Amino acid sequence: MIVPALITPFDAAGRPDAGALQALIDRLTSQVDGFLVLGSTGEAVTLAPDERAALLQRLDVGKPLWVGVGDESLALARRHAEAAVASGAARLLAMPPRFYDRALDARAFRVYFEGLAELGEVWLYHVPVFTRANFPVEVVAELARHPRIVGIKDSSGEMARLEHYRRFAPGLRVFTGSGTTLPAAVASGAEGAILAVGNLAPRLFARVLEDARAGRLDARLAGLAYETAALVGRGGVTLLKQALRHLGLPAGVPRAPLPETSPLWPEAERLLARLQEEGWLL
């Protein structure tokens, strides 16, 4: 499965633009297997709870939907989760709290994630590039024993972690959030990928995923996917939205104070030309 971690478009006044997001979903839907909204690529940390809820209420998604609900307290995370469930979302993607990371022990992780699991199906989210937080693998394995904690999006790119999940949490559904390590993640048992770059070139990554499963990787295509994912990873949501705007897709600009343009744009423009020539772009 290839699932784009969707951007959140903002209008000229800096408000979440549900119409633009729906238009992007409509463009993507035939090429992907589901959607993640309000994740890190969706700038969820910049949205107030009422903005998140209002955005979800206006979306019509006909494929599996993950909604990011993580926050710094169980109370806030449950508020996001309640809005997600009320909108019809079946999968709650929750990163661990991070501000008071040093105070979090195994009991704290259980309280947080099991409290969310009271509201719906929970997927863990490990994204250390943003959280800078520790999420011990033994805690993941313990949480995976809960009947409503069913999966994890792991964006660390660390294959040793995926191997640990496979050995010690065999029932946990694993999706990688790292496009640069997709073939290796498949070899380590990943079922699919939830990717920021899925907004831009989902068919390329679906092809690499299919080839990796079949053991027939095309080195050139795998290299192109690696280069694309690495560049989007370096440029973040600013570069991704700039690329989507360049292609005439509904993206808007990042929410202030994030910049509207990236210094990596000349490099990205050359790569986009290659992807477009080969027919991989959305």
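Residues numbered from 1 in each chain as written. Predicted model: local features only at pLDDT ≥ 70, side-chain atom pairs only at ≥ 80, totals over all residues. Heavy atoms only, no water.

(A) Representation of the nonpolar core in the model. With 84 residues, the main nonpolar core has V67, F113, L124, L204 and F205 as its most contacted residues. The greatest single-element share of this core, amounting to eleven residues, is contributed by helix 10 (residues 219-246). Setting aside residues up to four positions removed in sequence, L204 forms contacts with L221, L224, A225, T228, L275 and W280. L36, L93, W123 and I194 belong to the second largest nonpolar core, which has twelve residues in total. (Core = buried A, V, L, I, M, F, W, Y, C linked by side-chain atoms within 4.5 Å. Buried < 20%, exposed > 50% of the residue type's maximum accessible area, 1.4 Å probe, protein only. Helix = DSSP H or I, 4+ residues; strand = E, 2+ residues; numbered from the N terminus. Contact = heavy atoms within 4.5 Å.)

(B) Fine view of the sheet that holds strand 6 (residues 149-154). Read across the open sheet, the eight strands follow the order 1-8-7-6-5-4-3-2; overall the sheet is parallel. Pairing within the sheet leaves two strands with one partner each, and these edge strands are strand 1 (2-4) and strand 2 (35-37). Taken pair by pair, the neighbouring strands of this sheet meet at an average axis angle of 25°, ignoring direction. Bridge count between strand 1 and strand 8 (residues 192-195): three bridges; the pairing is parallel. Looking at the pairing, V3 lines up with I194 of strand 8. Packing against the sheet, helix 7 (residues 159-168) makes contact with strand 5 (121-126), strand 6 and strand 7 (173-176), and its axis sits at approximately 165° to strand 6. (Pairing = 2+ DSSP bridges. Axes fitted to C-alpha atoms, helices over the stretch in contact; angles between N-to-C directions.)

(C) Quick peek at the pairing of strand 6. For strand 6, the buried fraction is high: six of the six residues fall into the buried class. Both strand 5 and strand 6 contribute to a ladder of five bridges, which runs parallel. Looking at the pairing, W123 lines up with G151 of strand 6. In the sheet, strand 6 pairs with strand 7 via four bridges, with the strands oriented parallel. Looking at the pairing, I152 lines up with V174 of strand 7.

(D) Examining the pattern of salt bridges more closely. Going through the model one piece at a time under the given rule, you end up with 16 salt bridges. Between R255 and E51 there is a salt bridge whose closest N-O contact spans 2.7 Å. Here E51 lies in helix 2 (residues 49-57) and R255 lies in the loop between helix 10 and helix 11 (265-277), a separation of 204 residues in the sequence. A salt bridge links E118 to R78, with the shortest nitrogen-to-oxygen separation between them at 2.9 Å. Of this pair, E118 sits in the loop between helix 4 (106-117) and strand 5 while R78 sits in helix 3 (residues 74-86), placing them 40 residues apart in sequence. By relative accessible area, R78 is classed as partly exposed at 22%. (Salt bridge = Lys/Arg side-chain N within 4 Å of Asp/Glu carboxyl O.)

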